[in-house]
Amino acid sequence: MRAFTIVTSGFVPLPAENVDTDQIIPARFLKAITREGFGKNLFRDWRYERDDEQKPRLDFVLNQPQYKGEILVAGKNFGCGSSREHAAWSITDYGFRVVVSSFFADIFKNNALNNGLLPITVTDNFLQQIFAQGATSTLTVNLAQQTITIDTTGATETFAINDYKKTCLLNGYDDIDYLLSIKDDITRFEQQPI
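All residue numbers refer to positions counted from 1 along the written sequence of the respective chain. Note on the predicted model: pLDDT of at least 70 is required for a residue's local features to be given, and 80 or more for side-chain atom pairs to be given and counted; whole-chain, interface and lining totals, by contrast, use all residues. By convention in this description, side-chain values take in all heavy atoms of the structure and omit both hydrogens and water.

**Things to note about the side chain of Arg-97**
For step 1, the next point in the chain: By the secondary structure assignment, Arg-97 is in the loop between helix H3 (86-94) and strand S5 (98-101).
For step 2, the next point in the chain: Although buried, Arg-97 forms no salt bridge, and the nearest oppositely charged side chain, Glu-70, lies 4.6 Å from it.
For step 3, the next point in the chain: Within the structure, the side chain of Arg-97 is placed 3.1 Å from the backbone oxygen of Ala-3, a separation counted as a polar contact.
For step 4, the next point in the chain: Should any heavy atoms of two residues lie within 4.5 Å, those residues are considered in contact. When residues no more than four places from it in sequence are discounted, the contact partners of Arg-97 are Arg-2, Ala-3, Phe-4, Val-7, Glu-70, Gly-116, Leu-117 and Leu-118. In this text, helices come from DSSP runs of H or I with a minimum length of four residues, and strands from runs of E with a minimum of two, each type numbered from the N-terminal end. Relative accessibility decides the category of a residue: with a 1.4 Å probe and only protein chains considered, values under 20% of the type maximum give buried, values over 50% give exposed, and everything between is partly exposed. Charged residues are defined here as Lys and Arg on the positive side and Asp and Glu on the negative side; His and the ends of the chain fall outside this count. The salt bridge definition used is simple: a Lys or Arg side-chain nitrogen within 4 Å of an Asp or Glu carboxyl oxygen. Here a polar contact means two N or O atoms within 3.5 Å. Within protein one must be a hydrogen donor candidate and the other an acceptor candidate, and residues neighboring in sequence count only if both atoms are side-chain atoms.

**Concerning the sheet that holds S5**
For step 1, the next point in the chain: Taken together, the seven strands give an open sheet; going across it, the order is S6-S5-S4-S1-S7-S8-S9, and neighbouring strands pair in mixed fashion. Each having just a single partner strand, strand S6 (118-121) and strand S9 (156-158) make up the two edges of the open sheet. Mean inter-strand twist for the sheet, computed between neighbouring axes without regard to direction, equals 25°.
For step 2, the next point in the chain: Strands were regarded as paired on the criterion that DSSP finds at least two bridges between them. Where strand S1 (residues 6-14) and strand S4 (residues 71-74) come together, four bridges link them in parallel fashion. In the sheet register, Pro-13 faces S4, and the bridge partner there is Val-73.
For step 3, the next point in the chain: Sheet contacts for helix H4 (residues 106-114): S5 and S6; angle to S6, the most-contacted strand, approximately 135°. All axes here are fitted lines through C-alpha atoms, helices being fitted over the stretch that makes contact, and every angle between N-to-C directions spans 0 to 180 degrees.

**Points about the environment of Ile-182**
For step 1, the next point in the chain: Within the secondary structure, Ile-182 is located in the loop between helix H7 (175-181) and helix H8 (183-190).
For step 2, the next point in the chain: The sequence separation of Ile-182 and Leu-169 amounts to 13 residues, and the corresponding C-alpha distance is 16 Å.

**A few points about the layout of surface pockets**
For step 1, the next point in the chain: Using a grid of 1 Å spacing that covers the protein atoms alone, one calls a set of points a cavity when a 1.4 Å probe fits there but cannot get out, and a pocket when the set is open and has protein on both sides within 12 Å along at least five of seven lines; lining residues are those with an atom within 4 Å of a point. Grid points are joined across faces, edges and corners, and a volume is the space filled by probe spheres set on the points. Its volume calculated, the largest pocket comes out at about 310 Å³.
For step 2, the next point in the chain: If you trace the largest pocket, you find 13 residues lining it, with Met-1, Thr-92, Asp-93, Asn-115 and Gly-116 closest to the centre.
For step 3, the next point in the chain: Taken together, the residues of the lining of the largest pocket sort by class into four nonpolar, four polar and five charged. We call Asp, Glu, Lys and Arg charged. Ala, Val, Leu, Ile, Met, Phe, Trp, Tyr, Cys and Pro are nonpolar, and the rest, Gly among them, are polar.

**Section: the side chain of Ser-101**
For step 1, the next point in the chain: You can see Ser-101 is positioned in strand S5.
For step 2, the next point in the chain: Take Ser-101: its relative accessible area is 0%, and that puts it in the buried class.
For step 3, the next point in the chain: At a separation of 2.7 Å, a polar atom in the side chain of Ser-101 contacts the main-chain carbonyl oxygen of Gly-75.
For step 4, the next point in the chain: Leave out the neighbours within four places in its chain, and Ser-101 touches Ala-74, Gly-75, Lys-76, Asn-77, Phe-78, Ile-120, Thr-121, Val-122 and Leu-127.

**Concerning the pairing of S5**
For step 1, the next point in the chain: The two faces of S5 match: Val-98 and Val-100 on one face and Val-99 and Ser-101 on the other face are all buried.
For step 2, the next point in the chain: In this structure, S5 lies alongside S6, joined through four bridges in parallel fashion. Note that in S6 the partner of Val-100 across the bridge is Ile-120.

**As for unusual backbone geometry**
For step 1, the next point in the chain: In the Ramachandran plot, Phe-43 falls in the positive-phi region, its phi being about 50° despite a non-glycine side chain.
For step 2, the next point in the chain: Relative to the assigned elements, Phe-43 resides in the loop between helix H1 (21-24) and helix H2 (44-47).
For step 3, the next point in the chain: When its relative accessible area of 1% is taken as the criterion, Phe-43 is described as buried.
For step 4, the next point in the chain: We note that Gln-146 has phi near 55°; this positive angle belongs to a residue other than glycine.
For step 5, the next point in the chain: Since its relative accessible area comes to 17%, Gln-146 is described here as buried.

Take a look at the structure:
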């Protein structure tokens, strides 16, 4: 995974609430066993007319060129529904590094963190402040300081993250990489007399 420190980016606003994992990546696209290639089917049923890639729905935010960036800003209760890890895969494969909402389903949040996608929970008020920004606005996410800032207004909020997952994201580690990073400590522990 790519190390995460500070991301300053435009954002894609998706104010819909209760977006479930089947809306994020429909079940009919869950045939692959690797993480690559899922981004093209992110929000597939919302992006295209009758599942036809040649007919994008121009009113859907991912099809509007003024909205781009590495940050997806979603309405409350994002990632509810089934536990499919493919939802996080499709979001990262599309190019997002951060997803912001006022509430995430726990399983989605854990899947996101395990796959290098930073889910940031903000207050409802702060979420509405973000949605009120224009298409050229940017957000800055500082993982070390655990802050998210609306750059045009300077409004900032802090967010919580598990210390272990924070360490992994800052270093670009998955769980195996983390264990390898402390291999010497593990070896020393194993060699201690009982």
